[in-house]
Amino acid sequence: MQINYRNMFSIFLFNLYLNLFRIFLEQVNSKKSRASNINCVVKTDVRHDGTEPVVDIMFADGDRLIMKGANLTAREMLLAFNSRCIAKGLKAEEKNK
Amino acid sequence: MAAAALSGRGPCRAGWLPTLQFVRQAKSVTRHWKAMHFERQKLMAVTEYVAPKPAIPAVCSTPRVHAKKEENGYAKLLHRQVAEAFQDSKMIAVCQHCFTPSDEMLMMQHRLRKHNIHVKFFPNEIVRPYLSTSKYKNLLPLFVARNLMIMSPEIKVKEMLRMLKRVPQISLLGACIDDTILSSQGVVSYSKLPSLEVTQGQVVGTLSLTTSQTCALLQHGAGHLSALLDQYVKQQSGGTGEPDGQAGEGQAEPGPAAGAAGL
């Protein structure tokens with residue numbers, strides 16, 4: 001699944017210990033995804049203190065997507081993320097037109 | 001002759017046509033595959049050999065033998081390499097390996113190599129069986145997605161952390177330093193610890209401080225008493241030598257005189 005960062009500003013991931021977050025990070029940090037927006041900052045913070053894992057995504061238009069992954073699968077997170085990226089992309093294209 | 005023989009075989013109608021007429025139009029032996037005559041096909045199908053079936057089928061009576069899969073030679077080599085790497089290294093760090101451009105990766109490996117730190121890549125299928133049987137069982141949860149291992153026979157945590165800071169795509173998950181499993185925060189605090197000699201000096205200093213304090217405490221009471229007595233003697237000797245000059249002092253300090261009288 002290719003992810004486009006066209007409208008992304010930064011992504012923060014906390015508590016990377018869980019497997020699904022590692023899968024999510026692998027997809028997010030893949031070559032094509034990173035190439036779609038070089039300006040996007042991806043910061044990771046690995047913790048082992050049992051806190052809930054959180055992904056905080058800041059979009060270029062000021063929106064914020066916070067995913068608390070205690071009971072999520074990697075696929076669900078990626079789908080939610082990708083759908084929002086696509087929606088933002090379509091909006092931006094309409095505005096440009 | 002033939003006609004007589006024919007006529008001698010009973011009443012035969014002249015000019016009868018036989019029911020079977022063999023048509024000799026197609027060749028029977030051909031170079032290409034030719035299907036059998038339909039009747040012959042039917043005959044062959046009907047007379048096909050059917051082997052007798054045993055009462056108990058062979059599948060039920062004979063035990064299934066699972067053929068042992070021989071391990072790939074490359075897998076054996078990797079197993080050996082993993083075992084050697086884990087035995088030789090004192091510092092083992094496990095990191096999440098996301099895509100890094102090859103030149104950045106090369107530079108990082110080069111810089112680490114200067115400090116005798118090696119970056120190793122092993123597939124999880126090879127590492128996990130080894131870990132489950134060795135003393136590094138608790139590192140198993142880390143080996144899930146794409147990993148890379150940083151190994152070194154010496155413990156140089158500061159240099160490793162400095163190199164990893166330069167490459168943001170690689171995040172430290174955990175480490176096993178000197179047979180102690182540490183988290184990423186543990187590694188950071190380990191790097192901030194002073195060296196062994198400095199720590200030993202601090203411990204020795206703290207122990208000797210307490211003993212010296214005990215000595216001083218024991219001597220403190222006697223010393224204080226002797227100082228007070230000295231002071232008193234001086235005052236007394238000063239008072240008898242100069243009674244006029246010291247009168248004000250004597251009146252100002254009736255306490256010690258009374259104390260001396262009491263003594």
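Anything mentioned here points back to the structure above.
Residues numbered from 1 in each chain as written. Chains lettered and ligands numbered in written order. Predicted model: local features only at pLDDT ≥ 70, side-chain atom pairs only at ≥ 80, totals over all residues. Heavy atoms only, no water.

Quick word on the interface of chain B and chain A
At step 1: Each partner contributes to the interface: chain B provides 15 residues, whereas chain A provides 13 residues.
At step 2: Both faces combined, the contact of chain B with chain A buries some 1300 Å², and carbon together with sulfur accounts for 57% of it.
At step 3: Run the count over chain B and chain A and you get 0 salt bridges.
At step 4: Between the two partners, chain B and chain A, sit 6 residue pairs in polar contact (both at pLDDT 80 or more).
At step 5: Going through the elements one at a time, β4 (170-177) and α8 (184-192) of chain B are the ones with two or more residues in the side of chain B that touches chain A.
At step 6: For the side of chain B that touches chain A, the element with the highest residue contribution is β4 of chain B, accounting for 3 residues.
At step 7: Class assignment of the residues belonging to the side of chain B that touches chain A gives a composition of 8 nonpolar, 6 polar and 1 charged. (Contact = heavy atoms within 4.5 Å. Buried area = accessible area lost by both parts, 1.4 Å probe. Salt bridge = Lys/Arg side-chain N within 4 Å of Asp/Glu carboxyl O. Polar contact = N/O pair within 3.5 Å; in protein donor to acceptor, adjacent residues only side chain to side chain. Helix = DSSP H or I, 4+ residues; strand = E, 2+ residues; numbered from the N terminus. Nonpolar A, V, L, I, M, F, W, Y, C, P; charged D, E, K, R; others polar.)

Remarks on the packing of aromatic side chains
At step 1: Counted according to the given criterion, the structure contains 3 aromatic pairs over all chains.
At step 2: Judged by centre distance (5.8 Å) and plane angle (65°), the ring pair of Phe 24 of chain A and Phe 81 of chain A falls under edge-to-face. Of the two residues, Phe 24 of chain A sits in helix α1 (residues 19-28) while Phe 81 of chain A sits in helix α3 (residues 74-96), which places them 57 residues apart along the sequence. Each member of the pair Phe 24 of chain A and Phe 81 of chain A is classed as buried.
At step 3: With a centroid separation of 5.1 Å and 50° between ring planes, the pair formed by Phe 86 of chain B and Tyr 136 of chain B is classed as tilted. Of this pair, Phe 86 of chain B sits in helix α4 (residues 73-88) while Tyr 136 of chain B is found in the loop between α6 (124-133) and β3 (147-152), placing the two residues 50 residues apart along the sequence. (Phe/Tyr/Trp six-rings, centres within 6.5 Å; stacked < 30°, edge-to-face > 60°. Buried < 20%, exposed > 50% of the residue type's maximum accessible area, 1.4 Å probe, protein only.)

A closer look at the pattern of salt bridges
At step 1: A complete count under the given rule lists 4 salt bridges over all chains for this structure.
At step 2: Linking Asp 56 of chain A and Arg 64 of chain A is a salt bridge whose minimum nitrogen-to-oxygen distance equals 2.5 Å.

Quick look at unusual backbone geometry
Residues and elements named next belong to chain B.
At step 1: Despite not being glycine, Asp 178 shows a phi value in the positive range, around 55°.
At step 2: One can find Asp 178 in the loop between β4 and β5 (180-183).
At step 3: Here Asp 178 falls in the partly exposed class, since its relative accessible area comes to 43%.
At step 4: Phi is positive for Asp 179, close to 60°, though the residue is something other than glycine.
At step 5: Note that Asp 179 resides in the loop between β4 and β5.
At step 6: What makes Asp 179 exposed here is its relative accessible area of 56%.

Quick word on the sheet that holds β3 of chain B
All names here are of chain B.
At step 1: The strand order β2-β3-β1-β4-β5 describes an open sheet built from 5 strands, whose pairing is antiparallel. Every interior strand has two partners, whereas the edge strands, β2 (118-120) and β5, have only one. Sheet twist, expressed as the average angle between the axes of neighbouring strands with direction ignored, equals 25°.
At step 2: Bridge count for strand β1 (residues 91-97) against β3 is 6 bridges, and the pairing is antiparallel. The partner of Ile 92 across the bridge, within β3, is Met 151.
At step 3: Across the sheet, helix α5 (residues 102-114) touches β1, β2, β3 and β4, and the angle it forms with β2 is around 135°. (Pairing = 2+ DSSP bridges. Axes fitted to C-alpha atoms, helices over the stretch in contact; angles between N-to-C directions.)

As for helix α7 (residues 157-166) of chain B
At step 1: Among all positions in α7 of chain B, only Val 157, Glu 159, Met 160, Leu 161, Met 163 and Leu 164 of chain B are buried.
At step 2: On its buried face, α7 of chain B sits against β1, α5, β3, β4 and α8 of chain B.

Things to note about the side chain of Ser 191 of chain B
All names here are of chain B.
At step 1: Examined against the element boundaries, Ser 191 turns out to sit in helix α8.
At step 2: Since its relative accessible area comes to 12%, Ser 191 is described here as buried.
At step 3: There is a polar contact of 2.5 Å between the side chain of Ser 191 and the backbone oxygen of Val 188.

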